[in-house]
Structure formats: structure tokens, C-alpha cells
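These are the residues of each chain, in order.
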Amino acid sequence: MALFDEEPRKKAKAHEIGQDLSLLSVTELTDRIGILRGEIVRLEAELKAKGATKTAAEALFRRS
């Protein structure tokens, strides 16, 4: 018998878009809302950073 007979267990996702929410408790729903709000903040920060980079690049090429 080998040490690694079982397949590695997949880590549960914190949230999956479109998943059935009816089986989640109020606490689980609240936790997921917090996770998603944090992710939105992170995405908006990245979007802002990319916009600043794009603006700087456009300004550089307009000088030429």
C-alpha cells in the first residue's frame, strides 16, 4: 500500500459566482459578503493603478 493512494483534497472555494446560496447560513452569507467587498476593493485598486499607467503611457507618446 502506497503512502499517497488518495487523491489530494481540493480546497473549498470561499465563493463561486452563481453557486446555490440557499444552503448557506446567515453567518456564511455575511462572511462571503465581506470577502467579496474586500475583493472589490482590491480589484478597484488594480483598475486605478492600470489606469494611471495607461495615462502615463499616453502622455509619453503624445510628446513625440
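Refer to the structure above for everything that follows.
Residues numbered from 1 in each chain as written. Predicted model: local features only at pLDDT ≥ 70, side-chain atom pairs only at ≥ 80, totals over all residues. Heavy atoms only, no water.

So, about the overall build of the protein chain. Scanning the protein chain for helices and strands turns up one helix and zero strands. Surface exposure of the protein chain reaches about 6600 Å², of which carbon and sulfur atoms provide 61%. (Helix = DSSP H or I, 4+ residues; strand = E, 2+ residues; numbered from the N terminus. Areas by Shrake-Rupley, 256 points an atom, 1.4 Å probe, with all protein chains shown as cover.)

We now examine the pattern of salt bridges. Scanning all chains against the criterion turns up four salt bridges. Taking the shortest distance from any N to any O, the salt bridge between Arg42 and Glu39 comes out at 2.7 Å. On the criterion of helical spacing, the pair formed by Arg42 and Glu39 is a turn pair, its members being three residues apart in helix H1 (residues 26-63). Taking the shortest distance from any N to any O, the salt bridge between Glu46 and Lys50 comes out at 3.7 Å. Taken together, the positions of Glu46 and Lys50, both in helix H1 and four residues apart, correspond to about one turn of that helix. Since its relative accessible area comes to 52%, Lys50 is described here as exposed. Counted as one network, the salt bridges with shared partners bring together Lys54, Glu58 and Arg62. (Salt bridge = Lys/Arg side-chain N within 4 Å of Asp/Glu carboxyl O. Buried < 20%, exposed > 50% of the residue type's maximum accessible area, 1.4 Å probe, protein only.)

Looking now at the side chain of Arg32. Tracing the chain through its elements places Arg32 in helix H1. The side chain of Arg32 sits in the buried core without any salt bridge; Glu28 is the nearest counter-charge, 5.7 Å away. Apart from the residues lying within four places of it in its own chain, the contact partners of Arg32 are Ala14, His15, Gln19 and Leu24. (Lys, Arg positive; Asp, Glu negative; His and termini not counted. Contact = heavy atoms within 4.5 Å.)

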